[in-house]
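As a plain string of letters, each chain reads:
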Amino acid sequence: MSEEGAGWACTHTGTFAQLRPNNHGFTWLNLVTLWRSRNDILAGLLGDPSGEVRARWVAAQEARGIDPEFRIKPPVGGNFSFLLLGDTGEGDASQYAVVPGMLKVGEETSFAVIASDVIYPTGSGNEYGDKFFRPYKDYDAPIYAIPGNHDWYDGLGGFMRVFCDALPLKPRPDRWLRGLLWRKPEPIDEARLAEARELRGKPSQQATQQAAQPGPYWVIESDSLLIVGVDTGIRNVIDKDQTAWLRRVSRDPRPKILVTGKPIYTGNVYKPSPLEEGGTIDDIVRDPAHRYVAAIGGDVHNYQRYPVKVGDRVIQYIVSGGGGAFMHATHTIQRVDVKGVHEDDFRCYPLRGDSLSFYSQLYARRLRMNWIYLTPSEALCVMSDLIKNEPVRTPEGPVTITRRMRWAARLLGAWPWPLRLPVDKVFHRYLSELSDWDTPPFFKQFLHLSVTPEELTVRCFAATGCRAQEADPPLEDEVRIALS
């Protein structure tokens, strides 16, 4: 929650720029990019085929002789640590800015997990070179992943080829309109992929046979904890076969973390993934017999933590999607009260005030409307006045909130509008997505999780893109969870 974590005092750009390939970066302000991502809209209008295609991938993997329970058994005991990054793969400055701090914090970790959207915009196997293998070439341990909706726009072909060494599925005809409009999987250039794989070709970066990723969903086993990864497809529905597997895995007596492509809580809203057979994934997480202690989801590109009381215990519901893609605003999150979570117990990164200040700066410059710019101190005070809490960080000097500040906050989706116009939702859904930038501060983040038989510690580190924070990544949040 520090000013350093926000990157406001950045005097020198970090070394991440030297890691990047010489390309033109990534932007959503491109009609070709949006057209390539059309399967999301088509799935909503004409039906989501993810469940059917997932069943074919699973059947093909089982025919190869993989463990039918989709278990991953890395060579760890009861004490180990790992990294978790969400929504990484734009291949631009904001993704590479995470790498130096991740490498420093992750030096002794046993593996890393990417939670959702490994490759933007469509999960193509031909784009893994600069968006996966190159940025993580110096991370000296295996990397596992669960797919996000963008990985599914390629029918999961690139994802399954890279992470599970699976061969392409044979094409099947689809219903007439969806089949006509649907973006088909892109053929993979195997020579190009083989060259990219060499970037992470060291033995220490490869999983052993018992620890290889078996499919799009899996469970990583250790003596102290199970890490259960689920695949939410395009439209966030868990199919029957995956649900049956999840119920079997969840009956194991060991404590568990759920890792999912869609968060259960986000933006002060409860949004659990529906199960195809009825109910939601949170019914499984909340069951005390299953011993889930946390549920971590990607898809939303920031950090949020909701400690939810369930009976006589607390489950930590976390959003961790700040691993590389554009930053979703946090200043649109109103005072937190969902499911009894108190505002004082909620955490987010960036802070709402920092989010508001940055977007005010960005749009003041883009729209040539200097009056909407709010300094970090002004934005902190505006958000504190709106949320009715004490500023997490002490503002510099006295601040008097003016009509100008309130109208600036309204235009940026923070302050309520007359007649309850949904500007905050529009800002989150569209303006954040269209506001990607390639210079610090980036407001990126990643998680470091350390496990002992007695305790799980989850730490959120910031990645600003500034050199000082590369050398000493700011710790923005920490929570300790009893396992015994």
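**Q** Before we go on, may I ask you to explain the overall build of the protein chain in this structure?
**A** Looking only at helices and strands, one finds 18 helices and 16 strands in the protein chain. Here the C-alpha radius of gyration of the protein chain, 22 Å, is about what a compact globule of 484 residues would show, namely 23 Å. Principal axes of the C-alpha set define a box for the protein chain whose edges measure 65 × 50 × 45 Å. Looking at the protein chain alone, contacts between residues at least 24 apart form 76% of all its contacts between residues at least 6 apart. Surface summary for the protein chain: the accessible area is close to 20100 Å², and the carbon and sulfur share equals 53%. On the protein chain, the mean spot of the 57 positive side-chain charges and the mean spot of the 60 negative ones are 4 Å from each other.

**Q** Can you help me understand the packing of aromatic side chains in this one?
**A** The geometry of two aromatic rings is summed up by the distance between their centres and the angle between their planes. Per the counting criterion, the structure on display carries 23 aromatic pairs. With a centroid separation of 4.9 Å and 20° between ring planes, the pair formed by Phe-70 and Tyr-217 is classed as stacked. Of this pair, Phe-70 sits in the loop between helix H4 (50–63) and strand S1 (71–72) while Tyr-217 sits in the loop between helix H11 (190–197) and strand S5 (218–221); the two residues are 147 residues apart in sequence, bridging distant segments of the chain. Accessibility assignment for this pair places Phe-70 and Tyr-217 in one class, buried. Here Phe-132 and Phe-163 contribute two aromatic rings whose centre-to-centre distance is 5.2 Å and whose plane-to-plane angle is 65°, an arrangement assigned as edge-to-face. Taken as a pair, Phe-132 in helix H7 (residues 128–133) and Phe-163 in helix H9 (residues 157–164) lie far apart in primary sequence, 31 residues in all. Comparing Phe-132 with Phe-163, the two get one shared label, buried. Among the aromatic residues, those joined into a ring-pair cluster are Tyr-128, Phe-132, Phe-133, Tyr-136, Phe-159 and Phe-163. The ring centre of Trp-182 lies 5.9 Å from the NZ or CZ of Arg-178, which sits over that ring. Positioned over the ring face of Tyr-292 is Lys-256, at 5.9 Å from the centre of the ring.

**Q** Can you walk me through the sheet that holds strand S14 (residues 444–451) in this structure?
**A** Ordered by their spatial adjacency, six strands build an open sheet running S4-S3-S2-S14-S15-S16, and the pairing between neighbours is mixed. With one partner strand each, in any of the chains shown, strand S4 (143–146) and strand S16 (475–482) form the two edges of the open sheet. Strand-to-strand twist across the sheet, computed as the mean angle between neighbouring axes with direction ignored, equals 20°.

Thresholds applied
- Residues numbered from 1 in each chain as written.
- Predicted model: local features only at pLDDT ≥ 70, side-chain atom pairs only at ≥ 80, totals over all residues.
- Heavy atoms only, no water.
- Helix = DSSP H or I, 4+ residues; strand = E, 2+ residues; numbered from the N terminus.
- Rg over C-alpha atoms; globule rule 2.2 N^0.38 Å.
- Contact = heavy atoms within 4.5 Å.
- Areas by Shrake-Rupley, 256 points an atom, 1.4 Å probe, with all protein chains shown as cover.
- Lys, Arg positive; Asp, Glu negative; His and termini not counted.
- Charge placed at Lys NZ, Arg CZ, Asp CG, Glu CD.
- Phe/Tyr/Trp six-rings, centres within 6.5 Å; stacked < 30°, edge-to-face > 60°.
- Buried < 20%, exposed > 50% of the residue type's maximum accessible area, 1.4 Å probe, protein only.
- Lys NZ or Arg CZ within 6 Å of the ring centre and 35° of its normal.
- Pairing = 2+ DSSP bridges.
- Axes fitted to C-alpha atoms, helices over the stretch in contact; angles between N-to-C directions.

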